[in-house]
Amino acid sequence: MVRNRPQSVVVSDTTVYAATDTGPRWLPGCDVVVEDGIVTAIGPGAGSGSPLPIVDGRGGHLLPGFVNTHTHLQQSILRGAGEGLPLLDWLRCVGEHTVAATPEQTYLAALAGGLELLRGGVTTVVEHMWPNPSEDVHEAALSALAELGIRVIFGRGVADRADATRRWGLDPRLMQPLPTVFDHIDALDHRLDGTRITTALAVPNPRCLTPDGMTAVADYARRTGKTISIHLSETTTDDDMCRLHTGRPAVDYLDQGGLLGPRTLAVHCCHLDEYARHLLADRDVAVSYNPLSNMRLGSGVAPVPQLLRAGVDVGLGVDGAASNDTQDMLLALRIGAYLQRVAHTSADVLGFEDMMRMATRGAEVALGRPEAPTGLADGDLGDLTLIRFDRDFACLPVRDPGAVLLTAASARVVDTVWVAGEAVIRDGRSTRISEADLVKQLSNMQ
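Predicted model, so just to flag it, every value in this text is computed and none were measured.

Calculation criteria
- Residues numbered from 1 in each chain as written.
- Predicted model: local features only at pLDDT ≥ 70, side-chain atom pairs only at ≥ 80, totals over all residues.
- Heavy atoms only, no water.
- Helix = DSSP H or I, 4+ residues; strand = E, 2+ residues; numbered from the N terminus.
- Rg over C-alpha atoms; globule rule 2.2 N^0.38 Å.
- Contact = heavy atoms within 4.5 Å.
- Disulfide = S-S within 2.5 Å.
- Domains from an automatic or database assignment.
- Buried area = accessible area lost by both parts, 1.4 Å probe.
- Salt bridge = Lys/Arg side-chain N within 4 Å of Asp/Glu carboxyl O.
- Polar contact = N/O pair within 3.5 Å; in protein donor to acceptor, adjacent residues only side chain to side chain.
- Nonpolar A, V, L, I, M, F, W, Y, C, P; charged D, E, K, R; others polar.
- Buried < 20%, exposed > 50% of the residue type's maximum accessible area, 1.4 Å probe, protein only.
- Core = buried A, V, L, I, M, F, W, Y, C linked by side-chain atoms within 4.5 Å.
- Phe/Tyr/Trp six-rings, centres within 6.5 Å; stacked < 30°, edge-to-face > 60°.
- Pairing = 2+ DSSP bridges.
- Axes fitted to C-alpha atoms, helices over the stretch in contact; angles between N-to-C directions.

A. Layout of the overall build of the protein chain. Secondary structure assignment for the protein chain yields 14 helices and 17 strands. Relative to its length of 446 residues, the protein chain is compact, with a C-alpha radius of gyration of 21 Å against a globular reference of 22 Å. Oriented by its inertia axes, the alpha-carbon framework of the protein chain measures out at about 65 × 45 × 40 Å. Considering only residue pairs separated by 6 or more positions, the protein chain has 75% of its internal contacts joining residues 24 or more positions apart.

As structure tokens, then:
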């Protein structure tokens, strides 16, 4: 596995979206100094006389890298799959492809999806891998992501209740005993030490764990300090099935099993009533908001403003490319705001600052990172995105960079992306892999 040393760089004379005492602000004419993968200085002339490599940031706008809190990269070769199907039927459709996926297909899917994320300014991705008994499939995904240089929180799938219908369990063909899964994660942790990839636990949904399974997952997560990513209330099925089988709503079922806590990242949450929202807040659970997938599958609209008012941290996700069907974080940024505005019939819901917090800081504690203010600050990871609006005339003129980024920007405006101080995207292209070769391999897939 590739072990990447942190690098150093100065981005000079650029406009920085920076954290200040009065909140995030655009600060023009600044240098940003990254030493050994960490931001050490921000300000006019901060890099003056530095022996570090210098990148001219004039005319650009520098942002913290986006954190995509939820996707399924294995689906990047399944774009358009199950179009028009509701969630359970869509799951069965995509599930057949998941069962049949080869390591070669998985490698190309992760490479394509991960590169698409990087080219859209994402520097960290939370990958929610579906349970799979094949270690070769996991190795293929990890190898691709390591090649790209992106920072990854790799959710290894876990489940212990089988049901071929997917209504009260998981496809039996993808099941493994939980101790086997935990042993595999331990082995991955040992091998991934020193890389940009860490592991997490990926639970398909509350219906896929028995009470004993929840206890085992919660105990393992606490002992190892891992994030638990879990789909929750994407549709009403979680509550319907949990009430039918246990007499309790899904959040109470999870709470009784010890699965709700500060390291839990609940994904979707389109159908949470006031009681459920406050329970998540009381347990310090974070939520991943995936607006494009929710729209595509007709799942509903997550109550994001209500969650924020209740004190729940909310991050932004793009979801898998079979339910979105891209890995475009800038599109998720825009549609995430617009969907809430139409749902609340108000144009002032979730402005640029709100969406930037979701896209860069929204779920930090759940991901094992320290809570931090919105905007770039000293001590941050050297995970940065340089935007050049003049790469796309549709963004010109730039009267308000935040408004333009929210309402008009696409991946075309992403110029350079650094992870741990290393430029992994330059002039909109990968510095690590041949994009022409990737296009050829994807075009020739059967």
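After that view of the structure, there is still more to cover.
B. Main features of the state of the cysteines. Considering all chains together, one arrives at zero disulfides under this definition. Cysteine C208 is unpaired, with the sulfur of C242 as its nearest cysteine sulfur at 10 Å.

C. Inspection of the domain arrangement of the protein chain at higher detail. What the domain assignment reports for the protein chain is domain 1 (9-64 + 378-430) and domain 2 (66-367). With 29 residues of domain 1 in contact, the opposing surface of domain 2 contributes 27 residues. Across the interface of domain 1 and domain 2, roughly 2,200 Å² is buried in total on both sides, 61% from carbon and sulfur atoms. By the criterion of area lost to domain 2, the three top residues of domain 1 are P64, L406 and V419, representing 26% of everything that side buries. In this structure, the connection of domain 1 to domain 2 is made through three salt bridges. Here D383 makes a salt bridge to R151, at a shortest N to O gap of 2.8 Å. In this structure, the connection of domain 1 to domain 2 is made through seven residue pairs in polar contact (both at pLDDT 80 or more). Breaking the side of domain 1 that touches domain 2 down by element, the ones donating at least two residues are β5 (61-64), β14 (384-387), α13 (401-407), β15 (414-419), β16 (422-426) and β17 (429-430). Its residues assigned to classes, the side of domain 1 that touches domain 2 shows 19 nonpolar, six polar and four charged.

D. Seen up close, the pattern of salt bridges. Counting across every chain of the model gives 24 salt bridges. E83 is the partner of R296 in a salt bridge, and the nearest nitrogen-oxygen pair spans 3.4 Å. Residue R296 is found in helix α9 (residues 291-296), and its partner E83 is found in the loop between β6 (66-71) and α1 (87-100); the two are separated by 213 residues along the sequence. Residue classification places E83 among the exposed positions, given a relative accessible area of 56%. A single salt-bridge network, built from bridges that share partners, covers R361, E364, R369 and D380.

E. Representation of the nonpolar core within the structure. The biggest cluster of nonpolar side chains holds 99 residues, and the ones touching the most others in it are L201, V217, L232, L259, L280 and L316. Residue contributions to this core reach at least three from each of two domains, namely domain 1 (9-64 + 378-430) and domain 2 (66-367). Once residues within four sequence positions are removed from consideration, L201 is found in contact with G155, R156, V158, F182, I185, V217, Y220, A221, T227, I228 and S229.

F. The arrangement of the packing of aromatic side chains in detail. All told, the structure shown has five aromatic pairs when counted by the stated rule. Arranged with centres 5.0 Å apart and planes meeting at 55 degrees, the rings of Y17 and W26 form a pair that is tilted. Measuring from centroid to centroid gives 6.1 Å for W26 and F352, while their planes differ by 20 degrees, and the two rings are stacked. Residue W26 is found in strand β2 (residues 25-35), and its partner F352 is found in helix α12 (residues 352-360); the two are separated by 326 residues along the sequence. Pairwise contacts between aromatic rings join Y17, W26 and F352 into one cluster.

G. Spotlight on the side chain of H61. Relative to the helices and strands, H61 resides in strand β5. Judged by its relative accessible area of 12%, H61 is buried. If we skip the residues at most four places from it in the chain, H61 touches T14, T15, W26, T385, L386, I387, F389 and P401.

H. Representation of the sheet that holds strand β8 (residues 151-157). Spatially, β6-β7-β8-β9-β10-β11-β12-β13 is the arrangement adopted by the eight strands of the open sheet, whose pairing is parallel. The open sheet has two edge strands with one neighbour each: β6 and β13 (314-316). The average undirected angle you get between the axes of adjacent strands in this sheet is 25 degrees. Taken together, the four bridges between β6 and strand β7 (residues 122-128) define a ladder with parallel strand orientation. Looking at β7, one finds that V67 is bridged to T124.

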